[in-house]
Amino acid sequence: MKKDPATEDSRLAALIKSDPQQGLAEAIRLWGGAARTLCRGQLRGLPEEEIEECVADCFAALWRDIGRWQPERGPLKGWFYGLCRHLAADRRRAAVRSCSLPLEQDLPDDDALEDQVTARLSAAAVQQAVDALDEPARTVFLHRYYACQTVPEIARTLGLSQKRVENLLFRTKPKLKDLLLKGGLVP
Amino acid sequence: MKWKDLIATYVPQDEALDEPPLPAAEQDALLERTLQKAGLPGREAGRKRKLFFPRRLAGVCAAAVLLLFVFGASAAFLMDGRLLALWSGGDPSTVAAVQLGQSSENGGYTATLVEAAGDDNLAYFLIELQGPNGEALAQDLGFARVTVRMEDSVRMGWSCEQLPDDDLSDNRTSFLLAFDSSEKMSGRKLSITLEDLYRYRDEGEVLAAGGSWEFETAVQLSGVKRTFRPGGSLDQANGTLHLSKVTVTPVSVSVDLWRNPLPLLFAKDAPDYVFPEMCVELADGTLLTEEDRLSGGAGGEDASVTLRASYRRILDPDEVTAVILDGVRFELK
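Residues numbered from 1 in each chain as written. Chains lettered and ligands numbered in written order. Predicted model: local features only at pLDDT ≥ 70, side-chain atom pairs only at ≥ 80, totals over all residues. Heavy atoms only, no water.

This paragraph deals with the overall build of chain B. Along chain B, the regular secondary structure elements total six helices and 18 strands. A buried classification covers 50% of the 333 residues belonging to chain B. Considering only intrachain contacts with a sequence separation of at least 6, the fraction spanning at least 24 residues in chain B is 64%. (Helix = DSSP H or I, 4+ residues; strand = E, 2+ residues; numbered from the N terminus. Buried < 20%, exposed > 50% of the residue type's maximum accessible area, 1.4 Å probe, protein only. Contact = heavy atoms within 4.5 Å.)

Structure representation (structure tokens):
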């Protein structure tokens with residue numbers, strides 16, 4: 001019988017609080033692979049040890065900050081993935097500042113929205129617009145811009161050709177831009 | 001603004017960004033590194049119980065058929081020969097045992113929780129695994145992860161190993177799950193999860209069946225027991241251990257102590273806490289040492305410490321005359 005995800009999230013959060021060793025072991029089993037991908041995407045160009053350190057930092061933060069997770073704002077996994085992305089980005093900025101990572105390792109600065117437009121977007125609008133994309137375009141987009149994976153990595157992960165990944169990204173960006181401009185602007 | 005910054009507030013809700021689990025060894029390494037970073041005690045220390053099975057267990061279990069014959073004559077006796085074979089002496093009819101017969105199927109493999117034997121705090125579960133028809137299950141199987149939870153969080157430890165199999169050509173084999181809890185387990189709900197069955201071979205591990213086998217049960221293994229309050233204390237480098245209670249059952253000897261002063265276990269420069277070495281003296285002069293153990297462990301995270309040992313010989317609680325901790329004898333009267 002399939003378990004209710006919300007109940008499972010609450011159970012895992014409680015376990016992380018009451019028995020961190022067991023709770024973290026379970027979290028690592030569930031999300032260790034994704035955490036590594038998220039950290040690697042942000043820290044591309046840094047040594048593997050740096051990435052492994054970052055992944056461990058993410059799970060340590062999961063234990064430390066578990067009290068900050070608010071079930072009504074989304075699943076525990078989504079919150080944790082955001083935590084990973086945030087911590088990895090911090091580490092990346094520190095690496096750039098210390099010149100151990102060159103700036104040009106960043107993703108290309110492509111045709112996203114103007115700053116004055118994005119300032120009027122709400123988080124809910126971004127969520128809604130991304131979730132309105134068709135599959136597999138949405139998944140490819142998330143792998144590219146949320147997990148910061150390269151096109152060959154995405155192709156390998158999702159079992160698509162690189163050309164198809166490139167095409168999907170090419171078509172998705174204007175579509176998402178359109179969705180955001182039409183429906184996502186905060187008045 | 002870049003797309004990757006624009007999407008920073010997005011909260012993944014589904015499986016789009018999920019990845020397959022890391023290999024078991026990498027999960028373990030990551031967990032240890034995480035616990036270290038978080039300033040938490042290591043996994044074994046966190047469980048506060050360490051169970052171990054000497055290699056000689058294999059030899060003991062090889063006598064299963066013979067023991068089954070000997071004890072099978074007792075009509076009231078339920079215990080499966082594979083569990084009986086854990087012990088090589090003493091009266092098996094004094095060991096509390098319960099038949100379970102609960103099965104869980106996954107990937108063509110059916111795991112059955114056959115039976116449990118033990119006492120209030122220690123249980124040995126016999127798990128039988130049946131593979132797909134025509135598939136031989138060799139002596140190289142193991143579950144990547146085994147989890148046991150008991151309702152109301154308590155300190156506990158466990159170990160699960162494949163038992164020696166006398167027919168490597170059939171599709172059946174069995175495992176022994178040893179579970180040890182600081183609290184009495186009688187009547188409490190136990191959740192047992194076995195995950196990812198692997199074949200461990202010299203050339204590397206191969207996944208035989210992914211997924212999990214899950215059980216929920218509750219066992220009542222209360223039986224013969226004697227409790228002693230010998231008093232006395234044991235001086236150690238970082239404090240004194242006071243003996244409060246010794247409990248003897250046919251399958252274990254447990255020693256409860258409390259320590260003073262409280263150890264600063266989590267302080268940065270705290271010394272490693274060393275649990276005393278325990279031996280058990282019997283009325284006929286036999287001394288049961290760590291060499292004679294079937295399993296054992298020590299645990300305690302605050303003032304209380306519990307040492308527990310299970311021996312390859314079934315004990316008569318009346319024949320246990322003393323426990324010896326780090327060479328100091330405490331008589332049981």
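Once you've had a look at it, read on.
What follows covers the sheet that holds strand 17 (residues 320-325) of chain B. Residues and elements named next belong to chain B. Ordered in space as 14-13-17-18, the four strands form an open sheet in which the pairing is antiparallel. Whereas interior strands pair on both sides, the edge strands pair on one side only; in this sheet they are strand 14 (287-288) and strand 18 (328-331). With four bridges connecting them, strand 17 and strand 18 associate as antiparallel partners. Its bridge partner lying in strand 18, Ile324 is registered against Arg329. (Pairing = 2+ DSSP bridges.)

Scanning all chains against the criterion turns up two cavities of 30 Å³ or more. Taken as a whole, the largest cavity encloses approximately 50 Å³ of empty space. Contributing to the lining of the largest cavity are 13 residues, with Asp119(B), Gly223(B), Val224(B), Thr249(B) and Pro250(B) lying nearest its centre. Of the residues contributing to the lining of the largest cavity, the split by class is six nonpolar, four polar and three charged. There is about 30 Å³ of room inside the second largest cavity. The wall of the second largest cavity is formed by Ala34(A), Thr37(A), Leu38(A), Tyr81(A), His143(A), Ala147(A), Gln149(A), Leu17(B) and Glu19(B). Top element by residues in the lining of the second largest cavity is helix 2 (residues 20-42) of chain A. It accounts for three residues. (1 Å grid on protein atoms, 1.4 Å probe; cavity = no way out; pocket = protein on both sides within 12 Å on 5 of 7 lines; lining within 4 Å. Points joined across faces, edges and corners; volume = space filled by probe spheres on them. Nonpolar A, V, L, I, M, F, W, Y, C, P; charged D, E, K, R; others polar.)

This part is about the pairing of strand 5 (residues 156-162) of chain B. All names here are of chain B. The buried count for strand 5 comes to five of seven residues, which makes it a mostly enclosed element. Here strand 5 pairs with strand 6 (residues 172-181) via seven bridges, running antiparallel. Bridge pairing links Gly157 to Asp180 in strand 6.

Below, the discussion takes up the interface of chain B and chain A. Tallying the contact residues gives 43 residues for chain B and 64 residues for chain A. Both sides of the chain B and chain A interface together cover about 4,800 Å² of buried area, and 60% of this is carbon and sulfur. When the buried surface of chain B facing chain A is broken down by residue, Trp3(B), Lys4(B) and Tyr10(B) rank first, second and third, together holding 19% of it. Where chain B meets chain A, there are nine salt bridges. Here Lys37(B) makes a salt bridge to Asp57(A), at a shortest N to O gap of 2.9 Å. Counting across the chain B and chain A interface gives 14 residue pairs in polar contact (both at pLDDT 80 or more). Those elements that provide at least two residues to the side of chain B that touches chain A are helix 1 (3-6), helix 2 (24-38), helix 3 (43-47) and strand 4 (141-150) of chain B. Among the elements that make up the side of chain B that touches chain A, the one with the highest residue count is helix 2 of chain B (nine residues). (Buried area = accessible area lost by both parts, 1.4 Å probe. Salt bridge = Lys/Arg side-chain N within 4 Å of Asp/Glu carboxyl O. Polar contact = N/O pair within 3.5 Å; in protein donor to acceptor, adjacent residues only side chain to side chain.)

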